[in-house]
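Coordinate analysis (summary)
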Amino acid sequence: MGGIGGNLQAVRARMAAAALAAGRDPSSIGLLAVSKTFGAEAVIAARAEGQRAFGESYVQEAVDKIAQVADPGIEWHFIGPLQSNKTRAVAEHFDWVHSVSSLKIARRLSDQRPANRGPLSVCLQVNVSGEATKAGISEAELPALAREVASLPGLRLRGLMCIPAPAEGFDARRVPFAELARMQQRLLAAGIAVDTLSMGMSDDLEAAIAEGATWVRVGAAIFGDRTARAKVDAAGG
Ligand SMILES: *Cc1c(COP(=O)(O)O)cnc(C)c1O
């Protein structure tokens, strides 16, 4: 089997091997298929192979795709940078947001969450040492923000997310993930319930699983190279 189905099988096999190596139950680790920049047909193809959770980074692209796919069995996760003028669309169309990094955004999401959809699951994005993007809060800001977010009625605080800078080698890749896991333990010790570590992507999911990831967010290894795709699109292909 090739294409998206074969890729999904290969990613699931990597996850299972990493869980086994870490002595973890594979069913404790979810696979988020990151479909940003790929069309509805790619989501539908992955869904036909049993994939249920999809991650998106661009609000308008995602809202259009969610309407096109129109599959109530899919769980949609927003993982990109979020500006306050886009919170309503995210609150209305998504099941999770992994990238909350301010109280202002959290309050808007809570206020704008439709009552009939139940609380929106959220993770706080933390800027671990060497994070590739400038997004995310510092460890110093984390406990206070976690407490505030946990008290918002439209949200359910689930845990922490990070996007480390690319690193070479298993041991180096583990370092920022271990930091995020340690921060989760700090929150738990402070009585803040958090059950989620959203960490690990196509290149480093094994290191993230070794450190306790409960969601890995995988795009390229499932759907292919986004750079190549942008070139095809630019050429009108
Ligand atoms: C694009 C993206 C991913 C997926 O990255 P791949 O390297 O394609 O697996 C994961 N997380 C976030 C936040 C992303 O923006």
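Refer to the structure printed above.
These lines cover the structure that appears in this document, whether it is placed above or below. (Residues numbered from 1 in each chain as written. Predicted model: local features only at pLDDT ≥ 70, side-chain atom pairs only at ≥ 80, totals over all residues. Heavy atoms only, no water.)

Turning next to the layout of surface pockets. Quantified by volume, the largest pocket comes out at close to 670 Å³. For the largest pocket, the lining is made up of 29 residues, of which Lys36, Ile163, Met201, Arg217 and Arg226 are closest to its centre. Across the lining of the largest pocket, the residue classes tally to 16 nonpolar, six polar and seven charged. (1 Å grid on protein atoms, 1.4 Å probe; cavity = no way out; pocket = protein on both sides within 12 Å on 5 of 7 lines; lining within 4 Å. Points joined across faces, edges and corners; volume = space filled by probe spheres on them. Nonpolar A, V, L, I, M, F, W, Y, C, P; charged D, E, K, R; others polar.)

With that settled, the discussion passes to the pairing of strand S5 (residues 120–125). Counting buried residues along S5, six of its six residues qualify, which places the element largely inside the surrounding structure. Of the two faces of S5, both are covered, the one formed by Leu120, Val122 and Leu124 as well as the one formed by Ser121, Cys123 and Gln125. Pairing geometry for strand S4 (residues 96–100) and S5, over three bridges, is parallel. Following the sheet pairing, Val100 is matched in S5 by Leu124. In this fold, S4 hands off to helix H5 (residues 103–112), which returns the chain to S5; that crossover is right-handed. One ladder, built from six bridges, connects S5 with strand S6 (residues 155–161); its direction is parallel. (Buried < 20%, exposed > 50% of the residue type's maximum accessible area, 1.4 Å probe, protein only. Helix = DSSP H or I, 4+ residues; strand = E, 2+ residues; numbered from the N terminus. Pairing = 2+ DSSP bridges. Right-handed = clockwise from strand over helix to strand, strands pointing away.)

To continue, consider the site of the ligand. Around the ligand lies a shell formed by Val34, Lys36, Ser57, Ile79, Ile163, Met201, Ser202, Arg217, Val218, Gly219, Ala220 and Arg226. Arg217 places a polar side-chain atom, nitrogen or oxygen, 2.8 Å from a nitrogen atom of the ligand. Arg226 is positioned with one of its side-chain polar atoms (N or O) 2.7 Å from an oxygen atom of the ligand. In isolation the ligand has 390 Å² of accessible area, and contact with the protein removes 88% of it. More than half of the atoms belonging to the ligand lie within 2 Å of the grid points that define the largest pocket. Per-class residue counts for the shell around the ligand are six nonpolar, three polar and three charged. (Near = heavy atom within 4 Å. Polar contact = N/O pair within 3.5 Å; in protein donor to acceptor, adjacent residues only side chain to side chain. Areas by Shrake-Rupley, 256 points an atom, 1.4 Å probe, with all protein chains shown as cover. Sits in = over half its atoms within 2 Å of the grid points.)

Looking now at the environment of Ala167. Among the secondary structure elements, Ala167 is positioned in the loop between S6 and helix H7 (170–189). What makes Ala167 partly exposed here is its relative accessible area of 24%. Distance in space between the C-alpha atoms of Ala167 and Ala91 is 34 Å, their sequence separation being 76 residues. If we skip the residues at most four places from it in the chain, Ala167 touches Ala172 and Arg173. (Contact = heavy atoms within 4.5 Å.)

The next point concerns the side chain of Ser202. Note that Ser202 resides in the loop between strand S7 (196–198) and helix H8 (205–210). Within the structure, the side chain of Ser202 is placed 3.4 Å from the backbone nitrogen of Ala220, a separation counted as a polar contact. Of note is the side chain of Ser202, whose polar atom sits 3.0 Å from the backbone nitrogen of Ala221.

This next bit is on the pairing of S4. By the criterion of burial, S4 is predominantly enclosed, with five of the five residues buried. Pairing analysis gives two bridges linking strand S3 (residues 75–78) to S4, with the strands arranged parallel. Across the sheet, residue His77 finds its bridge partner in S4, namely Trp96. Taken together, S3, helix H4 (residues 87–93) and S4 constitute a β-α-β crossover, and its handedness is right-handed.

Further remarks concern the nonpolar core. The biggest cluster of nonpolar side chains holds 66 residues, and the ones touching the most others in it are Val97, Leu109, Leu124, Leu160, Val216, Ile222 and Phe223. Considering each element in turn, this core owes the most residues, six residues, to helix H1 (residues 3–21). Setting aside residues no more than four positions away along its own chain, Phe223 makes contact with Ile4, Ala33, Val34, Ser35, Phe38, Ala42, Ala46 and Phe54. (Core = buried A, V, L, I, M, F, W, Y, C linked by side-chain atoms within 4.5 Å.)

Let us now look at the pattern of salt bridges. All chains considered together, the criterion is met by ten salt bridges. The salt bridge involving Arg52 is made with Glu75; its shortest N-O contact spans 3.1 Å. Taken together, the residues span a long stretch of sequence, with Arg52 in the loop between helix H2 (40–48) and strand S2 (53–56) and Glu75 in strand S3 at a distance of 23 residues. Accessibility expressed as a relative area gives 45% for Arg52, which makes it partly exposed. Taking the relative accessible area as the measure of exposure, Glu75 reaches 17% and is therefore buried. Residues participating in the shared-partner salt-bridge network are Glu56, Glu61 and Lys65. (Salt bridge = Lys/Arg side-chain N within 4 Å of Asp/Glu carboxyl O.)

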